[in-house]
Each structure stands twice: as structure tokens, then as C-alpha cells.
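Understanding the architecture of this molecule
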Amino acid sequence: NAGVTQTPKFQVLKTGQSMTLQCAQDMNHEYMSWYRQDPGMGLRLIHYSVGAGITDQGEVPNGYNVSRSTTEDFPLRLLSAAPSQTSVYFCASRETGANYEQYFGPGTRLTVT
Amino acid sequence: AQKVTQAQTEISVVEKEDVTLDCVYETRDTTYYLFWYKQPPSGELVFLIRRNSFDEQNEISGRYSWNFQKSTSSFNFTITASQVVDSAVYFCALSEISGGGADGLTFGKGTHLIIQP
């Protein structure tokens, strides 16, 4: 099992550019989520999905878009990047239920200039 | 709303000392889960432990132990005889059972632990 994979590992964008952060998992998990990690802030939930075709907003959804067409993939789109979106982004997945641990991907370090 | 507080931003100790990382949480749910994750300098997040709100037994795993006290809403983490490899950022997190935990994990801001040789 590869677990949770994310691409790219690093990305530099100019303000106003768009891009998609890719996330895939091979554990057949229904629940997937995206977090951002900023210095001194811990991780904050951006969007999550409880299954294919179902997504919802987390704590900090503005400026991000998601879709879930398959169980395996959960891409995160930045429609018009802003310097405030400079962060490390983690994708995670788990089995359905709050008691299950989340498996995190290796992260994508994004810089917006 | 739920909240996790890790008041210690950074702790520095000398190798072989014991160290305790504090975690205090707030939630209105009666059923919830608490987690600890480790983030070494390489950046990945490593799951350490999960505890449910009905199980107040302390847990020990090698040099690691966890003390869960519902009365004080705390879930503290102790490393005994610390080693340089324990240097990392440690996160405490909370997941509420209501809504099936769909709101994901609420993280504390993390404690940066530095173990000096």
C-alpha cells in the first residue's frame, strides 16, 4: 500500500495563478480531508469529503475548491492564488467514524509570491 | 466549539531527562477522541496514540506514556529518558463523535520539543 500520496511536493506560484494539488489514497477510505499548516497555528481543516460526490467546508475554506469523483482521489484547487495561501498542505484519509486515526500524506509546500 | 490548547510553544531539555507535554481541550460532546501526532524535522505526521473519552486508563508504550484526566480536560504526554530522536513538533488533536467526526481533527498549535545531546 502506498497510503496517502500527494503531488507536487513543492510549488511556487505567482499571485493570481491557479493550480491543483493532487491527493490519492489506496486504502479504500471513504473520508478524506485537506489541512493547511502555518507556523504557530497547528493544522486547520480546509475541506473534507465523506464519500464520492460529497464534500463540505471546514474551518478555512475560502479560496479553495474541491471535488470527489472517485473514492481514491481528492484534489484541492486554488482558483486564484494569494500570498496568504503560502502554507504546507496535508491531505488525510481515514475509515468512516471519528474514532479512526487519520493517515496523512507527506505534504505539499506551496509558496505564493 | 471544540478547542485544543498546547500552552508550551517550545521545550528544550537535555537528553535522558523526562519531559511532559501538556494538552488541554474543550468540547461540548460527551463522546470524543483525543490523539497525539509527532512531526519530525522531515515534516510528515506520525500517529502516536488515540484515546476515547470513556477510557481514562493511562497508557504506556515504551518510553512514552499518556495521562488522560477528564476532570481537568487534559491529555498529557510524557517521554521518559528522552533521546535526540524525540526532537520534533508534537500535536494534540480532538475529534468529536457528533456528525461522525466529519469535522475532522481540531489540532492544538503544537509543542516544539528539542532534545539536546
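Below, the structure is looked at part by part.

Criteria and cut-off values
Residues numbered from 1 in each chain as written. Chains lettered and ligands numbered in written order. Predicted model: local features only at pLDDT ≥ 70, side-chain atom pairs only at ≥ 80, totals over all residues. Heavy atoms only, no water. Core = buried A, V, L, I, M, F, W, Y, C linked by side-chain atoms within 4.5 Å. Buried < 20%, exposed > 50% of the residue type's maximum accessible area, 1.4 Å probe, protein only. Helix = DSSP H or I, 4+ residues; strand = E, 2+ residues; numbered from the N terminus. Contact = heavy atoms within 4.5 Å. Buried area = accessible area lost by both parts, 1.4 Å probe. Salt bridge = Lys/Arg side-chain N within 4 Å of Asp/Glu carboxyl O. Polar contact = N/O pair within 3.5 Å; in protein donor to acceptor, adjacent residues only side chain to side chain.

Another point: the nonpolar core. Judged by nonpolar contacts, the single largest core of 23 residues is most densely connected at B:Trp36, B:Phe77 and B:Tyr90. Counting only elements with at least two residues in this core, the list comes to β2 (10–14), β3 (19–21), β5 (32–39), β8 (64–69), β9 (74–79), β10 (88–96) and β12 (111–116) of chain B. Counting residues per element, this core draws most heavily on β10(B), which supplies four residues. The contact partners of B:Phe77, leaving out residues within four places of it in the chain, are B:Val19, B:Thr20, B:Leu21, B:Trp36, B:Leu48, B:Tyr64, B:Ser65, B:Trp66 and B:Tyr90. Core analysis: the next-biggest nonpolar cluster, separate from the first, contains 19 residues, A:Phe74, A:Leu76, A:Tyr89 and A:Val112 among them.

In this complex, chain B contributes 21 residues to the contact, which on the side of chain A involves 19 residues. Surface buried jointly by chain B and chain A totals about 1,600 Å² across both partners, of which 57% is contributed by carbon and sulfur atoms. Across the contact surface, chain B and chain A share zero salt bridges. Along the contact surface separating chain B from chain A lie four residue pairs in polar contact (both at pLDDT 80 or more).

We now examine unusual backbone geometry. Following A:Thr7, the chain continues into A:Pro8 via a peptide bond in cis, with omega recorded as -5°. Summarising the element assignment, A:Pro8 is placed in the loop between β1 (4–7) and β2 (10–13). The phi angle at B:Ser73 is positive, at roughly 50°, despite the residue not being glycine. Looking at where B:Ser73 falls in the secondary structure, it is placed in the loop between β8 and β9.

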